[in-house]
Amino acid sequence: MFDCCVVVPLISKMNQLNSQSTKKLSQGVWLWQVSNPIIILLWVSPGGPDSMALCLLAADWKTHGLNAALRQNKDVIDGLLAIIVDHGLCPESNEAETVQHRILNMNVRLPIANGQMGLLLIAHHADDQAELFILRLSRNSGVLGLAGMALATQLFATHQSLDDGISNSILLVRPLLDFSKQDLYKICEEGKQQWVEDPTNQNTIFARNRIRMSLGNLSSCIFKSELQAVISACRMTRVYVDQICCSLMNQSVTVMPEGYAIIDLSILNPSKVLDICLSKFVTLLLQFISQRQRPVRGNAQKLLLD
């Protein structure tokens, strides 16, 4: 699905950090890098330990990683921008300004990028996946939904033949999905990086917060590890389904310059395709043609499948 990308490890030197556990963690992050020069955006909302840890790792990777010699003696890190999101939930707070200063101290620029972009990094982590799993399970989600957030998701995807070869798609990447929240606290602490605790996370009016608190009260490490194992199995199932759908797309779908798609049913042969794969195939195709951020679900999808 991302043929133009290669996966490279985010190997962070973090020379100022002495903790072996943090060095091990920093070596475990994976970053998607496209072959052409791109702008990497860091989604900082609202400067919590997860997003600040992501900034630390990304800044260190860009500083000490590939072509590091070309970036020496520069006041800012090329190709790395941070977007600070102020939700306005605490009008009396100046948290956004505080976070801005902290990010500038990392030599990361803050203007919002316009035009073509490459990667958008978001600091979702393993605890977020666990919360989402419980939430979706309570809503009778299927195995693909229980797989949670994907490592990489392409947004605003466009077929090159539809816009003269210029793609404005963004690759949203979550490189911290294998990190726990405690891991990210540790990275910030050993990097001497302050963070902001969002007070709305304690508001029990939100189901997500109630789930987070319930999981946090569990003392059993076995349950948490088994929960992550279940999520991992669901993710493997989704990868398999995605591979089947990608193959079906390449073999049976032709996207026309006018913006519609032709499906060769003799090649697709729906009766021979697993229902779960056929459903995802239709969802992906509709999402691509309609250029929607979110997939088409519900009655519209059922009408087509019937």
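The model shown is predicted, which means the values in this text are computed figures rather than measured ones.

Tell me about the sheet that holds strand E3 (residues 40–44), and name the residues and values.
Pairing is mixed in the open sheet, where 5 strands are placed in the order E4-E3-E5-E7-E6. Edge strands, defined here as strands with exactly one partner in the open sheet, are strand E4 (80–84) and strand E6 (152–155). Neighbour-to-neighbour, the strand axes of the sheet open up by a mean angle of 25°, direction not taken into account. As judged from the 4 bridges shared by E6 and strand E7 (residues 170–173), these two strands associate in the antiparallel manner. Following the sheet pairing, Leu155 is matched in E7 by Ile170. Across the sheet, helix H3 (residues 95–104) is in contact with E3 and E4; its angle to E4 comes to roughly 170°.

Talk me through a nonpolar patch on the surface; I want residue IDs and the actual numbers.
On the surface, Val143, Tyr240, Leu274 and Ile276 cluster together into a nonpolar patch covering about 340 Å² of accessible area. Along the chain, the position of Leu274 falls in the loop between helix H9 (265–268) and helix H10 (275–290). Here Leu274 falls in the exposed class, since its relative accessible area comes to 52%.

Outline the environment of Ile77, listing residues and values.
For Ile77, the location among the structural elements is in the loop between helix H2 (49–64) and E4. Judged by its relative accessible area of 7%, Ile77 falls in the buried class. Here the alpha-carbon distance between Ile77 and Arg109, two residues 32 residues apart in the chain, equals 7.4 Å. With residues near it in sequence (within four places) discarded, Ile77 still touches Ala59, Lys62, Thr63, Met106, Asn107, Val108 and Arg109.

Explain the confidence of the model for the chain residue by residue, including any values.
Mean pLDDT over the chain stands at 76; residues scoring 70 or higher make up 69%. Considering each helix and strand of the chain separately, the mean pLDDT is smallest for strand E1 (residues 5–9), with a value of 33, and largest for helix H4 (residues 126–138), with 95. With pLDDT under 50 throughout, residues 112–116 is counted as low confidence; its partners more than four residues away or in other chains account for 5 contacts. Below a pLDDT of 50 lies the segment residues 157–165, which in the model reaches 17 contacts outside its immediate sequence neighbourhood of four places, other chains included.

Help me get a handle on the packing of helix H8 (residues 221–252) against H10, residues and values and all.
With their axes 9 Å apart at the nearest point, H8 and H10 run at an angle of 60° to one another. Between H8 and H10, the angle is such that the two are oblique. Where H8 crosses over H10, the handedness of that crossing is right-handed. In this structure, H8 contributes Arg238, Val241, Asp242, Ile244, Cys245, Leu248, Met249 and Ser252 to the contact, and H10 contributes Ile276, Cys277, Lys280, Phe281, Leu284 and Leu285.

Cut-off values and rules
- Residues numbered from 1 in each chain as written.
- Predicted model: local features only at pLDDT ≥ 70, side-chain atom pairs only at ≥ 80, totals over all residues.
- Heavy atoms only, no water.
- Pairing = 2+ DSSP bridges.
- Helix = DSSP H or I, 4+ residues; strand = E, 2+ residues; numbered from the N terminus.
- Axes fitted to C-alpha atoms, helices over the stretch in contact; angles between N-to-C directions.
- Contact = heavy atoms within 4.5 Å.
- Patch = residues over 30% accessible without salt bridge, like charges linked within 9 Å, V, L, I, M, F, W, Y side chains within 5 Å.
- Areas by Shrake-Rupley, 256 points an atom, 1.4 Å probe, with all protein chains shown as cover.
- Salt bridge = Lys/Arg side-chain N within 4 Å of Asp/Glu carboxyl O.
- Buried < 20%, exposed > 50% of the residue type's maximum accessible area, 1.4 Å probe, protein only.
- pLDDT = per-residue confidence, 0-100.
- Parallel < 35°, antiparallel > 145°, perpendicular 65-115°, else oblique.
- Left-handed = near helix turned anticlockwise from the far one by under 90°.

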